[in-house]
Amino acid sequence: MALLKKSSIWIAFIVALLGLPLLFDSILAISILNQMVIAIVFALSYNMLLGQGGMLSFGHAVYFGLGGFLSVHALMLIEFETMVFSILWIPLIGGLFGLLAGIFIGSFSTRKAGTVFAMISLGIGELIAASSLIFSSFFGGEAGISGDRTFGPTFFGFDFAQNIEIYYVAAVWAFIATLFMYLFTQTPAGRMANAVRDNPERAEFIGYSSRKVRFISFCASGLFAGIAGGLFALNYEFITEENLNAATSGRVLLMAYIGGLGYFIGPIIGAVVLTLMNSLLSNYSELWMLYLGIMFLLTVMYLPRGFAGFIMMHQLAWVRGNMKLLIKPYLVTTIPALLFTLCTIALIEMSHTEDEVFHYLGLVLNPASPITWIVILAIAGGAFYAVKRSLLQLNDAWETANAIPKEEET
Amino acid sequence: MKKLSISSKITRPFHKFLSAISLVSIFMLSNASTAQEPVRIAFMDPLSGTFASIGNTGRTILEFAVDYFYNSKGGILGGRMIEIVSLDNKQSPNETQLQFRRAVSEEIQIIFQGNSSAVASTLSQTISRHNRRNPGQEVLQINYSAVDPILTEDNCSFWHFRFDAHANMKLNVLTDFIAADPDISSMYIIGQDYSFGQVVSDTTIKLMNEKRPDIEIVGNEFHPIGQVKDFTPYVTKIVSSGADAVVTGNFGADMVSLARSIIDSGLDIPIYTFYAAYDGITATLGEGGKNKIRLIHNGVANPLPTEARKQFNRDFKIAHPNYDVTQPRIVNALQMVVAAMEETQSTDPYDVALALEDMRFTTMAGEEIWMRAQDHQIFQGLSVSVHTDEGVEFDADNSGWGLVTEYQVPLEETVVESSCQMRRPNR
Amino acid sequence: MLEVLIFATLNGLVTGFLLFMLASGLTLIFSMMGVLNFAHASFYMLGAYFAYSLSLYFGFWGGLIFAPLIVGALGALVERYGLRKVHASGHVAELVFTFGLAFLIEEAIQFFWGRDTKNYQTPDLLDFPLFTLFGQEFSAYRGFMMTISIVIFIALYYVLTKSRVGIIIQAAITHPQTVSNLGHNVPLIFMGVFGMGTALAGLAGVIAGPVLTTFPGMATVLGSIVFVIVVIGGLGSLAGAFIASLLIGLLQSYAIASDVGMPDLLNLFGISFDRSHPLNDLWTMNLPQIAPVLPYLLLVLVLIFRPTGLLGKREE
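## What about the interface of chain C and chain B?
Many authors give the size of an interface as the accessible area that is lost as the parts come together.
Thinking step 1. Taken together, the contacts link 30 residues of chain C with 32 residues of chain B.
Thinking step 2. Counting residues per element, the ones that place at least two in the side of chain C that touches chain B are α1 (2-33), β2 (136-139), α7 (186-212), α8 (218-233), α9 (238-257) and α12 (287-290) of chain C.
Thinking step 3. Element by element, the count of residues in the side of chain C that touches chain B is highest for α1 of chain C, at 6 residues.
Thinking step 4. Along the lines of polarity and charge, the residues of the side of chain C that touches chain B split into 14 nonpolar, 11 polar and 5 charged.

## A few points about the sheet that holds strand β9 (residues 271-273) of chain B
Residues and elements named next belong to chain B.
Thinking step 1. Taken together, the 7 strands give an open sheet; going across it, the order is β7-β6-β8-β9-β10-β14-β15, and neighbouring strands pair in mixed fashion. Each end of this open sheet is capped by a strand with a single partner; those strands are β7 (216-223) and β15 (402-409). Adjacent strand axes in the sheet meet at a mean angle of 25° when their direction is disregarded.
Thinking step 2. Of the strand pairs in this sheet, strand β6 (residues 186-192) and strand β8 (residues 245-248) are connected by 4 bridges, and their pairing is parallel. Each residue of the ladder has a partner; that of Met187, found in β8, is Ala245.
Thinking step 3. Contacting β6, β7 and β8, helix α9 (residues 195-211) runs over the sheet at an angle of about 160° to β6.
Thinking step 4. Each of β6, β8, β9 and β10 (293-298) touches helix α11 (residues 252-264); the most contacted strand, β9, lies at about 170° to it.

## What to know about the packing of helix α8 (residues 188-198) of chain A against helix α10 (residues 210-236) of chain A
Packed helices, taken two at a time, are described by their axes: the angle between them and the distance between them.
All names here are of chain A.
Thinking step 1. The geometry of α8 relative to α10 is characterised by a closest axis approach of 9 Å and an angle of 120° between their N-to-C directions. With respect to α10, the axis of α8 lies oblique. Here α8 and α10 pass one another in a crossing that is left-handed. For the pair formed by α8 and α10, the contact residues are Ala189, Met192, Ala193 and Val196 on the first element and Ser210, Val213, Arg214, Ile216 and Ser217 on the second.
Thinking step 2. Tallied by class, the residues present in the contact of α8 with α10 amount to 6 nonpolar, 2 polar and 1 charged.

## Here's the deal with the pairing of strand β12 (residues 368-372) of chain B
Residue and element names in this part refer to chain B.
Thinking step 1. Side chains Ile369 and Met371 of β12 all project onto a buried face; the interleaved residues Glu368, Trp370 and Arg372 project onto a face where none is buried.
Thinking step 2. Note that strand β11 (residues 360-362) and β12 share 3 bridges and pair antiparallel. Counterpart to Thr362 in the pairing with β12 is Glu368.
Thinking step 3. Here β11 folds back onto β12 in antiparallel fashion, the turn holding 5 residues, of which Gly366 has a positive phi close to 75°.
Thinking step 4. Two elements, β12 and strand β13 (residues 377-379), share 3 bridges in a ladder whose sense is antiparallel. Bridge assignment links Trp370 to a residue of β13, and that residue is Phe379.
Thinking step 5. The loop that links β12 with its antiparallel partner β13 comprises 4 residues; one of these, His376, has a positive phi angle of about 60°.

Basis of the calculations
- Residues numbered from 1 in each chain as written.
- Chains lettered and ligands numbered in written order.
- Predicted model: local features only at pLDDT ≥ 70, side-chain atom pairs only at ≥ 80, totals over all residues.
- Contact = placed C-beta atoms within 7 Å.
- Helix = DSSP H or I, 4+ residues; strand = E, 2+ residues; numbered from the N terminus.
- Nonpolar A, V, L, I, M, F, W, Y, C, P; charged D, E, K, R; others polar.
- Pairing = 2+ DSSP bridges.
- Axes fitted to C-alpha atoms, helices over the stretch in contact; angles between N-to-C directions.
- Parallel < 35°, antiparallel > 145°, perpendicular 65-115°, else oblique.
- Left-handed = near helix turned anticlockwise from the far one by under 90°.
- Buried ≥ 20, exposed ≤ 12 C-beta atoms within 10 Å, placed from the backbone.

So, in C-alpha cells, the structure goes:
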C-alpha cells in the first residue's frame, strides 16, 4: 500500500509529462515544454549541490554546457557517419562528459565547502567560459557549434525532425533523471550529503570523510547537469558559449532558490515558473526583467523557503482540516494586493511609455494628464492600506488554523 | 499620431498580458484568417538587456517607415496593413531559437533581424532546417545589419537576404581610403576576439598588403569582447608602436572606451571604424573625436542627397525626438520586400524570395541598389564619413555632433565575388 | 620598451587603486556580516549614474560630493529594510538576495537612465595632460583618480585603527555580543558600515565613470573581479585587499603590455606546430589575449593552495 502511494506520485509525474503536449500543442507550447523539462533536470541537478549538499555553486552551467558541447559533437559524428548510433543516447554522452568534468573539477574544489567552494566555482566558471571563446575549434567561438539530429538511425520510423518527437525523448529522459536523482537522496550517500551539509564535524566523527561525501554529490550533480546539456543539444541542435557562462549559472541558482531549496519538488516548481516567465512575460512588456528582479527580491525576503516552502507551510492546517478557515482571509488579502500590483505596474509602464495613449486592462489611460496619475496613485494607496489591514486578520486566521486543538493540548 | 496604429503591439502590453494570464489562452494562439488580415512581419532583435538600445532604435525606424510609406496610405496588396510583431531575442542565440518558434507558431513568415552575426548565423541555420523539414511553412530572413561575410558566402541560404554591405566589402572601400592617404606609413589593428573582429583583422592585413605594401602593420591585437574595463594599457601599446592610424571593428561600450582612451592619451591619429556613431556614442565622443573618427557605412550621411530622404528624417524626428535614423537600410529592406510582394501579389516567402532576386530598386535617397541573385547580397554605394560638428544638418543623439561623408564609392565598385553555392529548394 | 613598462605600471596602479576602493568596502561588509555583497559593483554603477545626473546641474564637483552620499544612503536603506530581514534565513539567502539586488539595480538603471552610453565627461579643470613621457600623455584626471584613492586608503586605515568609531567597528566584527552589552547599537553599526562601504563603491563609480564609460554593463565588467580580489587578499583583510587590488591591476596591465605567448614558449623549446593542428588555438594563444581572465586563474590557484587567501586568518 505504501509502495502504491509512493509510486502514484511518479505515475502522475510521467502522465503529466507525456500528457501536456496533448493539451498544449502549438509550436510555441511544445517549444516551451521542451525548455521546461530541460530546466527541470538542470535545476534538480543544481539542488543536489546546494539544497542537499550545502555547496553554493556559481559555475554549475559548466557541466551543463560541456555536456551540451560534447553532445553536439556527437551529433556531428553521426551526421558524418564517423559513428552510427541512435540519437536517443546523446543525453547519456552529455551526462558522462559532465561526470568526467565533475570528477576532475570536484577533485580539488570539494575540499572545502562554504565560501571557498563558492569562489572556486565562480573562478572555474569564468575560466571555462573565457576559454570557450579562445578555443574555437572545439567550442566554435561566439557563434557556437551546430549539428543535425535527423541523420541518425530512425527509431520505430521516427526521424526526430519535429520538436514534438524530441519532446517525448526529453520527457522520458527527464523522468529517468528525476527518478534517479530522487533515489540518490534515499541512498546512504544522499543521506550523508545532508549530514555533511548540516554538520560536517559530526559527520567526520562518525567516520565519514566530508570531503568524499561532497565529492560524490558533486560528481552526481555534474552527471545530471550533463544530461540536461545533452537534452538541450538535442532540442536546439546547437550550443554556444552562452550555455556555460555565468548568466546560465545564475539562472539555475534562481530557479532552485525561488522554487525552494529544501524540497525535492522545489526546483521543479522553480524551473517551470521561471521558464514560463522568461518566455511569456518578455512578449508583453519590455520591462519584464525589472518585474522579474522585483519578484525575485520579494521572494527571497518574504518566502525564504521558496514556492515549495510556501505550499508546505500549509501542511499542518491541511492535516488538521483547517484550510477552509484560511480561504476567506487569503481572498481578502489577495484581491487588494493584486489591485496594488496592477496599479504599480500601470504607473511603471505609464512613466516608460512614449505614446500619448496607454491601453491597459481594456482601459484607455492618458499618461500626460495628472488626473490619471492621481487616480491610480489613490487606488494604489487604498489597496496598500487594505492589504496592511487585512494582513492582521490573515495572521489571526493563520494562528487559529494552525493552533493545536484543545484535546491534544492536554 | 501616426505611430499609434502600428505600435499597438507595444503600447498595450498589459492589456494583452492579463487577458493571457490563463495559460490556455496563451498556448492556443488563434489562427483566424480573413481576407484583409494584416501582413505580419516580425522584428527580432534585442529589446531588453545590454544591447537593447540598438534594437529599440531599429524597431522604431521600421515601425515608423511601415506607417509612413504604407499603413497611412491604405496598406499594401489592395488594402492589407502591415503589422510589426516585436520579438525580443536579447541578442542571444538561445533566445533567437525560442523567438523563432514563437514566430512560426504565430504564422509569421518574414523576420527582420540585424544585430550580431552569431545570432544571424543561428537564425539562418534554424530557418534553413525548419523550411526543409516543414514545407509550406517557410520563413524568410531579412538581415539588415549582420555583416559576417560567411552569411552570403560559404553559409549562404536561399532564405536569407542581406541588406547591408558585408565586412569584406566595407573593408575593401575603407582600405582604399586609407591607402590614398600618403601620411600613413604604419597602422595598428585592434579588435574584439570573435569572428567579426578576426575578419576585420585578416581582411585588412590582406588588402593593405595588396594596396600599400609599404604600410607596416605594427600591431594586430585581440581583446576579449565586453571584458575590458580600461583600454589605456592597449593604447600604451599603440603609442609605443608609433602607428599612424588605428583600424577597429569594435562596437558598443568597447568602441566608446577604446576611442576615449585614445583621445585621453593625447594620441592624434585617425581611427577607422564600423560602429562609432549613434545610441549615445556620438554624444560621448563629442569634441575629442572631432575629425579623428571615421566610419565606413552604406548609403550616405550628411549632406543627405535628396529632399525625400531629408523629409523622412525630419518627420521621423518629429515623431521620435529621442531617436535617430541610424540605419536607413532598414527602410530599403522594407521597401524592397513590399515591392516584391506587390510584384507577385503574394506574401509567400518563396515567391517573395524569387522576386527579390536580382531586383533593382531606387531608394528614397535616389540611389539604385541591387540584390544579387547568386548570394542574396545587396549592393549599394558605400561611404566613409567623419565625426564632426561642422556641416551636420542631421546630428546624432541631439548633440550637435554627427557624420559628414568624405568619400563615396558607387555601387559598381563595391561588387565583390562570392563563393556562395546556393542550395535552392525545388518546388 | 621602457615607456611601455612605465605606462603599464602607471595604468596598473590606477586600476589597482580603483579596484581597492571597491574591494575595501566589500571586505569590510564581509568581515562584519559574513556575506559577500554581490551587488557591490552595482552601487559603483549607481555612483557613476547619479554623478552623471548631478553633474548636469551642479558640475562634476557637485556629483563628486553628493553622489557617494546618495549611494551610501541607498546602501544603508538596503541593509535596514532588505538584508536585515533576510539575515534570519542564513548566509545563502543573504547572498542570493544581493545577487537579485544586482540584477534589479541594473534593470532599474536602464529604466531610469535608458540603455545608451551616457555622456559623462571629466571636469574641464582636470582636462590637461599631467605629464608627457615618450610622446604619451598621462592625463591629470588619472592623477586625480590615484590621489583620491590613496587619500581614501589612508583615511580608511586611520579611521579603522586609530579612531574610537573604528575601534568599536573592529570590536563589533569579532564580538558583536559584547559590544552590544557595552551599550552600542550593533545593528546601527552594521547599517553604518554597509552604508559606508556602498558609499565608497559609489565614489569609485563617480571617479571611474568618465574614463571607463558610463553604461548599464559597467557593473558586470567589474563585478566578479572585485570578488576575486577580496578572496585572493583573504576575506575580511583590508591589507590583503589592498595588496590583491594592486596585484590584479598590475598583473592585467603587464599581461596586456607583454607580447609573449605560447609561440614564444614553444620556440624556446624548439617545438613548432602546424596551423592545422587540432590544438592550434592553444599553440597560438598569447598573454594579452587572456589577460582579462588571469585573475580567475589566480583565484583558483590561490584557493587550491591557500584557501584563506594571501592575508586571511579565518578558516571557515
